[in-house]
Amino acid sequence: MHDDVTIRPAARSEAEAIEAMWTEAARWLKSQGIDQWQYAPNMAAISRDIELGHAYMVVDGSDHLGTITVDDFADPEFWTPNDSPESALYAHRIIARPAVAGNALGAAMLDWASEKAAKAGKEWLRVDVWKTNARLGRYYEAQGFKHLRTVDLPHRRSGALYQRPAGTTTGQGPRYLGLEAERRDENGNPDWGRTSAW
């Protein structure tokens, strides 16, 4: 049980840790009969999001527990001008490791992202969800998200669109400390302590 976690920017050296979490989550989803994420992680996108400061790690000491990416990119295939895309932050690549299942880590990550959206002056926190994963859609609804619509494009596997008001929190899961700026050691390298071996 992890009572306290830290959510902080991912370091460049942690791209492979995010990849490993994706792969682990994909295996677990497959074991549940869910076809989500059954392809190789997009390392170029992961590295780009780390460089831009959009990818975050959820850690307890040196243990990687999860990851979340939050930015202001409204996918134009999903979000239209009528949605006021600039009024939201968008959460992507939300992964809580199967080993921490039952700890409501996902709820804590969404609360953190929701607070982040409010601090940025946004009205909404939004996600686009795998179209065939009805269980995940129900999860988001239990977290206070409203299903807006499903955009069913043949070349996209995601497209179930959800949002909840920025600043809305459920209070579930571990307490979190959100760190927005990377700490660096005297050599200018990211200083987050020892990372887990993957």
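Residues numbered from 1 in each chain as written. Predicted model: local features only at pLDDT ≥ 70, side-chain atom pairs only at ≥ 80, totals over all residues. Heavy atoms only, no water.

A word on the packing of helix 1 (residues 15-31) against helix 2 (residues 43-51)
Operational definition: An axis is simply a line fitted to the C-alpha atoms; with a helix, the fit covers only the stretch in contact. Between two such axes, the angle follows the N-to-C directions and lies from 0 to 180 degrees. Counting from the N terminus, the helices are DSSP H or I runs at least four residues long and the strands are E runs at least two residues long. Every angle not falling under 35 degrees, over 145, or within 65 to 115 is termed oblique; those three ranges are roughly parallel, roughly antiparallel and roughly perpendicular. Left-handed describes a crossing whose near helix is turned anticlockwise from the far helix by less than a right angle; the clockwise case is right-handed. In this description, contact between two residues means that some pair of their heavy atoms is separated by no more than 4.5 Å. Classes in brief: Ala, Val, Leu, Ile, Met, Phe, Trp, Tyr, Cys and Pro nonpolar; Asp, Glu, Lys and Arg charged; the others, Gly included, polar.
Where helix 1 contacts helix 2, the two axes come as close as 10 Å, and the packing angle between them is 130 degrees. Comparing their axes, helix 2 and helix 1 come out oblique. Considering how the two elements wind past one another, helix 1 and helix 2 form a crossing that is right-handed. Contact residues: helix 1 offers Ala-15, Glu-16, Ile-18 and Glu-19, while helix 2 offers Met-43, Ile-46, Ser-47 and Ile-50. Here the residues of the contact of helix 1 with helix 2 are counted per class, giving five nonpolar, one polar and two charged.

Here's the deal with the confidence of the model for the protein chain
This is how the line gets drawn: For every residue, the pLDDT score states the predictor's confidence, bounded by 0 at the bottom and 100 at the top.
This prediction gives the protein chain a mean pLDDT of 88; 90% of its residues lie at or above 70. When pLDDT is averaged over each element of the protein chain, strand 6 (residues 146-150) comes out on top at 97 and strand 8 (residues 175-178) at the bottom at 87.

Observations concerning the pattern of salt bridges
Spelled out, the test is: Definition used for salt bridges: Asp or Glu carboxyl oxygen within 4 Å of a side-chain nitrogen of Lys or Arg. The cut-offs for exposure are 20% and 50% of the maximum accessible area for each residue type, with area from a 1.4 Å probe on protein chains only; residues under the lower value are buried, those over the upper are exposed, and the others partly exposed.
Scanning the entire structure with this criterion turns up eleven salt bridges. Between Asp-49 and Arg-48 there is a salt bridge; the shortest N-O distance is 3.3 Å. Judged by its relative accessible area of 3%, Asp-49 is buried. Residues Lys-131 and Asp-152 are paired through a salt bridge, measuring 3.0 Å at the closest nitrogen-oxygen approach. One end of the pair, Lys-131, is in the loop between strand 5 (124-130) and helix 4 (134-142); the other, Asp-152, is in the loop between strand 6 and strand 7 (158-165), and 21 residues separate them in sequence. Note on Asp-152: relative accessible area 61%, which makes it exposed. One connected set of salt bridges, linked through shared partners, spans Arg-48, Asp-49 and Arg-93.

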